Amino acid sequence: METLTVLGAGLMGHSIALTAAWSGLEVTLQGVDEADLERAGKGIRQKLDMLQENGLVGEEEAGNVLLRIHTAIGVEEAVQGASFVIEAIPEQLELKIEFFRMLDRLCGPDVILASNTSGLSPTAIASQMQHPQRMVVTHFWNPAHLIPLVEVVRGEHTGDQAVGRALEFLRMMKKRPIEVKKDILGSVGNRIQYAILREAQYILEQGVASMEDIDAAVTYSLGRRLPVTGPFMTADMGGLDVFHSISSYLFPDLSKADVSFAQMRELVEHGRLGAKSGSGFYAWDERTLAEMNRLRERELIHFLKRDREEHRE
């Protein structure tokens, strides 16, 4: 049984700690100070309340989940006795390189050192480690306690043992891990997500459809089908002859842009960053954001309940 420490108590860090504790594991969550850990504790309790409201945990179980989450401020204190460490600090490459160099020194060579980075190279992150074979990416998707996927990404020097232990540990956490066999920008999920976003921006800029209708085209078609069939299974079910024929004439007409389109660049330049700033492609206020979060959580909980029913069968 692995002993887990999560370094970083922000949104992803405390959600990963909650996920581990919810699956029955003891976990140490490290924050930079007491205020940081207090914010994390509040976030964990809010998420547990939501899980209770939707019948995913009972009151007694929620209390036990909280008891399984231990806290620490110092990194050295937090990693003592850990066999598996997940880093969830800000997405800055130089910061992560130095952080993993420090962890490599603090932790015995059998301890797996994992990063939750969503896009940085594990090879680069491990570049100053003495034992880079035990470094691997475990990319949880936000919200980490509701989305099953975790991408396990190899660096150039990552060993088979590190990958195997990560996959096994994540399955114990009731996640659905996949192995990304090469150190490639964006891994799998983000490459597909941004391919959709690039084409959506292109269609908008060409004046083909409104922003709202482009979103609706995904929500009410692909979004309804993809939870059951991914792209390869969808192609098989539709007929590879049909998909081959469409690909042959459609691929040349798809966007090949290598930067964001003008409208997104202009929004960013004017500080319109989306929900975090009150406006982006859409206008956002607290009520709108709360409602969209509620709707998203409702759908994710629906699928999570289905997954757990299938697991019990």
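Parameters at a glance
- Residues numbered from 1 in each chain as written.
- Predicted model: local features only at pLDDT ≥ 70, side-chain atom pairs only at ≥ 80, totals over all residues.
- Heavy atoms only, no water.
- Pairing = 2+ DSSP bridges.
- Helix = DSSP H or I, 4+ residues; strand = E, 2+ residues; numbered from the N terminus.
- Axes fitted to C-alpha atoms, helices over the stretch in contact; angles between N-to-C directions.
- Contact = heavy atoms within 4.5 Å.
- Buried < 20%, exposed > 50% of the residue type's maximum accessible area, 1.4 Å probe, protein only.
- Right-handed = clockwise from strand over helix to strand, strands pointing away.
- 1 Å grid on protein atoms, 1.4 Å probe; cavity = no way out; pocket = protein on both sides within 12 Å on 5 of 7 lines; lining within 4 Å.
- Points joined across faces, edges and corners; volume = space filled by probe spheres on them.
- Nonpolar A, V, L, I, M, F, W, Y, C, P; charged D, E, K, R; others polar.
- Domains from an automatic or database assignment.
- Buried area = accessible area lost by both parts, 1.4 Å probe.
- Core = buried A, V, L, I, M, F, W, Y, C linked by side-chain atoms within 4.5 Å.
- Salt bridge = Lys/Arg side-chain N within 4 Å of Asp/Glu carboxyl O.
- UniProt positions renumbered as here; feature names shortened; annotations may be inferred.
- Polar contact = N/O pair within 3.5 Å; in protein donor to acceptor, adjacent residues only side chain to side chain.

Pairing in this open sheet of eight strands is mixed, and the strands run β3-β2-β1-β4-β5-β6-β7-β8 from one edge to the other. With one partner strand each, in any of the chains shown, β3 (69-72) and β8 (176-180) form the two edges of the open sheet. Averaged over neighbouring strand pairs, the angle between their axes works out to 25° when direction is ignored. Along the sheet, helix α7 (residues 160-172) contacts β1 (4-7), β4 (84-87), β5 (112-115), β6 (135-140), β7 (149-153) and β8; its crossing angle with β8, the most-contacted strand, is approximately 160°.

Bringing the pairing of β7 into the picture now. The element β7 is largely enclosed, with a buried count of four among its five residues. Bridge count between β7 and β8: five bridges; the pairing is parallel. Across the sheet, Val150 pairs through a bridge with Pro177, a residue of β8. In this fold, the crossover linking β7 to β8 by way of α7 has right-handed handedness.

For the rest of this paragraph, the subject is empty space enclosed by the protein. With the rule as written, the count across this model stands at one cavity of 30 Å³ or more. Reported here for the largest cavity is a volume of approximately 50 Å³. Thr117, Ser118, Gly119, Leu120, Pro122, Val137, Val153, Asp183, Ile184 and Ser187 are the residues that line the largest cavity. Of the residues assigned to the lining of the largest cavity, the class counts are five nonpolar, four polar and one charged.

As a further point, take the domain arrangement of the chain. If you check the domain split of the chain, you get domain 1 (4-186) and domain 2 (189-282). Computed from C-alpha atoms alone, the centre-to-centre distance between domain 1 and domain 2 is 30 Å. Here domain 1 packs against domain 2, burying approximately 430 Å² in sum over the two surfaces, 48% of which is carbon and sulfur. Summed over the three residues of domain 1 that lose the most area to domain 2, namely Trp141, Ile184 and Gly186, the buried surface amounts to 66% of that side.

Its location among the elements puts Ser15 in helix α1 (residues 11-22). Contact partners of Ser15, with chain neighbours within four places excluded, come to Lys47, Ala144 and His145.

This part is about the nonpolar core. One recurring pattern in soluble globular proteins is that nonpolar side chains are buried together. Of all hydrophobic cores here, the largest spans 46 residues; its most connected members are Leu4, Val27, Leu29, Leu48, Leu51, Phe84 and Phe140. Leaving out residues up to four positions away in the same chain, Val27 has contacts with Leu4, Val6, Ala17, Ala20, Ala21, Arg68, Ile69 and His70.

Glancing now at the pattern of salt bridges. Enumeration according to the criterion identifies eleven salt bridges in this entry. Asp160 is the salt-bridge partner of Arg154, the closest N and O atoms lying 2.7 Å from each other. For Arg154, the salt bridge goes to Glu179, with nearest N and O atoms at 2.9 Å. Here Glu179 lies in strand β8 and Arg154 lies in the loop between β7 and α7, a separation of 25 residues in the sequence. Among the residues examined, Arg154 registers a relative accessible area of 16% and is labelled buried. One continuous salt-bridge network, built from bridges that share partners, spans Glu87, Glu91 and Lys96.

On to the UniProt feature "site: Important for catalytic activity" (unreviewed entry) in the chain. UniProt's feature table lists "site: Important for catalytic activity" (unreviewed entry) at His139, given in the numbering used throughout. Along the chain, His139 turns up in strand β6. Given the relative accessible area of 5%, His139 is considered buried. In contact with His139, other than residues within four places in its own chain, are Ser115, Asn116, Thr117, Ser118, Leu149, Val150, Glu151 and Asn190. Within the structure, His139 has its side chain in polar contact with the side chain of Trp141 (distance 3.4 Å).

On to the UniProt feature "domain: 3-hydroxyacyl-CoA dehydrogenase C-terminal" (unreviewed entry) in the chain. Mapped onto this numbering, the UniProt entry annotates "domain: 3-hydroxyacyl-CoA dehydrogenase C-terminal" (unreviewed entry) at residues 187-284. Summarising residues 187-284: 60% helix, 0% strand, and an end-to-end C-alpha distance of 30 Å.

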